[in-house]
Amino acid sequence: MSRTPAPFQKITLPNGMTYEQPTGLFINNEFIQASNGKTKPVINPATEEVIANISAGSAEDVEYAVQCASHAFEDTEWATQDPKKRARVLFKLADLVEENLELMSAIESYDNGKTLALSRGDVGLVVNCLRDAASYADKINGRTIDSGDGYMNFTIKQPIGICGQIIPWNFPIMMTSWKIAPALAMGNVSILKPASATPLNALFLANLCKKAGVPAGVVNIVPGSGREVGNAITQNPKIRKVAFTGSTVVGKSIAVDAASTNLKNTTLELGGKSAHLVFDDADIAKTVPNLISGIFMNAGQICSCGSRIYVQEGIYDKLMAAFKIAVENIKVGDPFDESNYQGAIDNKEQFETILKYIEIGKEEGAKILTGGKRIGNKGFFIEPTIFYDVKEDMRVVKEEIFGPVVTVSKFSTLEEGIKMANASEFGLGGGIETTNVSTAIKAAKMLQTGTVWINTYNDFDSRVPFGGVKQSGYGKEMGSEVYNYYTETKAIRIKL
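It should be emphasised that the depicted structure is a prediction, and the values quoted were computed from it without experimental measurement. (Residues numbered from 1 in each chain as written. Predicted model: local features only at pLDDT ≥ 70, side-chain atom pairs only at ≥ 80, totals over all residues. Heavy atoms only, no water.)

### Quick word on helix 5 (residues 172–185)
Next up, step 1: For helix 5, which comprises 14 residues, the first-to-last C-alpha distance of 20 Å matches the rise-based estimate of 20 Å (1.5 Å per residue) to within 8%.
Next up, step 2: Counting buried positions over the 14 residues of helix 5 gives 14, a clear majority of the element.
Next up, step 3: The first or second residue beyond helix 5 is Gly187, which carries a positive phi of 95 degrees. (Helix = DSSP H or I, 4+ residues; strand = E, 2+ residues; numbered from the N terminus. Expected span 1.5 Å × (residues − 1). Buried < 20%, exposed > 50% of the residue type's maximum accessible area, 1.4 Å probe, protein only.)

Right, here's the structure in full:
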């Protein structure tokens, strides 16, 4: 099928770096225009100016990607070759990302609004995820089963097939690697939809995939709306797995679509309203930076953010005084100014949602310790905001805000603190600040959450699995656990 090539656009980044940005869909190792000719502007959240116009795919484009991915999976050796050959491709891709780390970090900050320091950390994690995946390519194997001398039993791990992968805008390049790396390592093929607001680095990575030797059809990147491209992915009967990161509301609808079409294998990494507990014996000097990284890193646009802080009453006053001073010293502004800790909110819609929640908190009677306002008149910047004197049934306590807004409450005993922390339908992340090992371990076991950070927060490592419980979803990203979600186990029993 002949498709119209899409051009590359020369972009000069705020730090002076220049590069050629792909503007088309990436299907079958080609950058092509959307079948309907539509494009969507990508906005710089720090300036509200248009960066580029990127092709916006359709259901027809997803079907074309499925055809190409199906050929790559069924008619080539990608899935059946020696896994070490796939590993070599992934190692090469990791090397290419590392070579372009500073450029890709700048693209991420330009596209998403996060600070350069944070973007560098994201791209560094991408390198590690790709290398981990390459290392695991031949390590995920079956087992033998002894059932007596009359039989030989064993299992084998096989790839699932075509994987549809849908990612959000808060960690564009990191989420791309979290999805693509394990899928490819296990011999699958991928059709990935980046968020409409932040497609630039996913398309840049697609070009690196081609340079690394990823065969045509194995990786396909289709930007577009969730209603058009996302639904086409979740409802396509030839796609055998869907991996989604995003809101719980959308995740539930994806689970329904996946089940009602062809009972797709599904992993969902969804929303959160995570609790961060501070016990009386916590070291305040070490705790305050953890509270800040827990909620104000990436302007609070992290699904695992510690957006509910619970402080034991004996340390409450001292902790709040130190926390207020530290938060008021957070520098917010231009992502390319290396002195800034917090950049811009990614998009106008989310920016307005956060400001609306701040007003809701005020109307509910919550008090603001600091922050609560927009910064400037251009760009999507919001002051780091602390609510206190809150009630647990307030919307700002119960609902995910996804921005630089935190609520603080008191608790008396460990049991009360855990009860308050667990009184949420979400269960993605959680934090514990204490110098007592017994308290830390006991509280960690009691928290109903997929990840617990102790004396740190939002501290990710590619070797450590990440994923939620309750309405924060199911399945894991990273760690050795993720590879089980990209394979099928086949049992073979032989009568001797």
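Structure's up, so let's keep going.
### A look at the side chain of Ser58
Next up, step 1: Examined against the element boundaries, Ser58 turns out to sit in the loop between strand 6 (49–55) and helix 1 (59–74).
Next up, step 2: Polar contacts involving the side chain of Ser58 include one to the side chain of Ser35, which spans 3.1 Å.
Next up, step 3: With residues up to four places along the chain from it excluded, the contact list for Ser58 reads Ser35, Asn36, Glu228 and Val229. (Polar contact = N/O pair within 3.5 Å; in protein donor to acceptor, adjacent residues only side chain to side chain. Contact = heavy atoms within 4.5 Å.)

### Structural notes on the packing of aromatic side chains
Next up, step 1: The tally for this structure, following the rule as stated, stands at 13 aromatic pairs.
Next up, step 2: Centroid distance Phe8 to Phe31: 5.3 Å. Interplanar angle 80 degrees. Geometry classified as edge-to-face. Taken together, the positions of Phe8 in strand 1 (residues 8–12) and Phe31 in strand 4 (residues 30–32) put the pair 23 residues apart, joining distant regions of the chain.
Next up, step 3: For Phe31, a relative accessible area of 9% corresponds to the buried category.
Next up, step 4: Between Trp178 and Phe466 the ring centres are 5.9 Å apart and the planes differ by 55 degrees, which places this aromatic pair in the tilted class. Placement of the pair is Trp178 in helix 5 and Phe466 in the loop between strand 21 (453–454) and strand 22 (469–470), with a sequence separation of 288 residues.
Next up, step 5: Assessed through its relative accessible area of 2%, Trp178 is described here as buried.
Next up, step 6: Judged by relative accessible area, which is 3%, Phe466 ranks as buried.
Next up, step 7: Taken together, the ring pairs in this structure connect Trp178, Trp453, Tyr457, Phe460 and Phe466 into an aromatic cluster.
Next up, step 8: In this arrangement the basic side chain of Lys241 is found over the ring face of Tyr486, its NZ or CZ atom lying 4.8 Å from the centre.
Next up, step 9: Note that Lys410 overlies the ring of Tyr316, its terminal NZ or CZ placed 4.8 Å from the centroid. (Phe/Tyr/Trp six-rings, centres within 6.5 Å; stacked < 30°, edge-to-face > 60°. Lys NZ or Arg CZ within 6 Å of the ring centre and 35° of its normal.)

### Some details on the sheet that holds strand 21
Next up, step 1: The strand order 16-17-18-15-14-20-21 describes an open sheet built from 7 strands, whose pairing is mixed. Two strands in the sheet have a free side with no partner beyond their single neighbour: strand 16 (367–370) and strand 21.
Next up, step 2: Pairing geometry for strand 16 and strand 17 (residues 385–388), over 3 bridges, is antiparallel. Within strand 17, the residue paired with Lys367 across the bridge is Tyr388.
Next up, step 3: Lying on the sheet, helix 13 (residues 414–422) is in contact with strand 14 (275–278), strand 15 (308–312) and strand 18 (405–411); it crosses strand 18 at an angle near 145 degrees. (Pairing = 2+ DSSP bridges. Axes fitted to C-alpha atoms, helices over the stretch in contact; angles between N-to-C directions.)

### Describing the sheet that holds strand 8 (residues 151–159)
Next up, step 1: The strand order across the open sheet built from 3 strands is 7-8-24, with neighbouring strands paired in antiparallel fashion. Bordering the open sheet on either side are strand 7 (144–145) and strand 24 (487–495), each of which pairs with just one other strand.
Next up, step 2: By the bridge criterion, 2 bridges tie strand 7 to strand 8 in an arrangement that is antiparallel. In the sheet register, Ile145 faces strand 8, and the bridge partner there is Asn153.

### Observations concerning the packing of helix 3 (residues 101–112) against helix 6 (residues 200–212)
Next up, step 1: At a closest axis distance of 9 Å, the pairing of helix 3 and helix 6 adopts a crossing angle of 155 degrees. Of the possible angle classes, the one that applies to helix 3 and helix 6 is roughly antiparallel. For the pair helix 3 and helix 6, contact is made by Leu103, Met104, Ile107, Glu108 and Asp111 and by Leu200, Asn201, Phe204, Leu205 and Leu208, respectively.
Next up, step 2: Grouping the amino acids of the contact of helix 3 with helix 6 by side-chain chemistry returns 7 nonpolar, 1 polar and 2 charged. (Parallel < 35°, antiparallel > 145°, perpendicular 65-115°, else oblique. Nonpolar A, V, L, I, M, F, W, Y, C, P; charged D, E, K, R; others polar.)

### Structural notes on the environment of Ile107
Next up, step 1: Position of Ile107 among the secondary structure elements: in helix 3.
Next up, step 2: Spatially, the C-alpha atoms of Ile107 and Asp132 are 24 Å apart, while their sequence positions differ by 25 residues.

### So, the nonpolar core
Next up, step 1: In this structure, Val97, Leu184, Ile191, Ile221, Phe296 and Phe323 are the most contacted members of the largest nonpolar core, which totals 126 residues.
Next up, step 2: Ranked by the residues each element gives to this core, the list is headed by helix 4 (residues 116–136), at 10 residues.
Next up, step 3: Every residue in contact with Leu184, bar those within four places of it in the chain, is listed here: Trp78, Arg86, Leu90, Ser190, Val214, Val218 and Val219.
Next up, step 4: Of all hydrophobic cores here, the second largest spans 29 residues; its members include Phe351, Phe387, Ile418 and Ala421. (Core = buried A, V, L, I, M, F, W, Y, C linked by side-chain atoms within 4.5 Å.)

### Some points on the side chain of Asp61
Next up, step 1: Its location among the elements puts Asp61 in helix 1.
Next up, step 2: When residues no more than four places from it in sequence are discounted, the contact partners of Asp61 are Arg3, Leu25, Ile27, Ala34, Ser35 and Val222.

### Here we look at unusual backbone geometry
Next up, step 1: We note that Ala299 has phi near 55 degrees; this positive angle belongs to a residue other than glycine.
Next up, step 2: Positionally, Ala299 belongs in the loop between helix 9 (284–295) and strand 15.
Next up, step 3: Residue Ala299 is classed as buried on the basis of its relative accessible area, which comes to 1%.
Next up, step 4: In this structure, Lys470 is a non-glycine residue whose phi angle is positive, near 55 degrees.
Next up, step 5: Looking at the secondary structure, you find Lys470 in strand 22.

### Quick word on the pattern of salt bridges
Next up, step 1: Taken as a whole and assessed by the stated rule, the structure comprises 18 salt bridges.
Next up, step 2: Salt-bridge contacts for Asp138 lead to Lys84; the nearest nitrogen and oxygen are separated by 2.8 Å. Within this pair, whereas Asp138 is found in the loop between helix 4 and strand 7, its partner Lys84 is found in helix 2 (residues 83–99), the two being separated by 54 residues in sequence.
Next up, step 3: Exposure remark for Asp138: the relative accessible area of 21% places this residue in the partly exposed category.
Next up, step 4: Here Asp95 and Arg131 are joined by a salt bridge, their closest N and O atoms 2.9 Å apart. Residue Asp95 is located in helix 2, and its partner Arg131 is located in helix 4; the two are separated by 36 residues in the primary sequence. (Salt bridge = Lys/Arg side-chain N within 4 Å of Asp/Glu carboxyl O.)

### Observations regarding the state of the cysteines
Next up, step 1: This model, assessed by the stated rule, comprises 0 disulfides.
Next up, step 2: No disulfide involves Cys209; its nearest neighbouring cysteine sulfur is the one of Cys129, lying 14 Å away.
Next up, step 3: For Cys209, a relative accessible area of 2% gives the class buried.
Next up, step 4: With no disulfide of its own, Cys305 lies closest to Cys303 among cysteine sulfurs, the gap being 8.3 Å.
Next up, step 5: On the basis of relative accessibility, which here comes to 3%, the residue Cys305 falls in the buried class. (Disulfide = S-S within 2.5 Å.)

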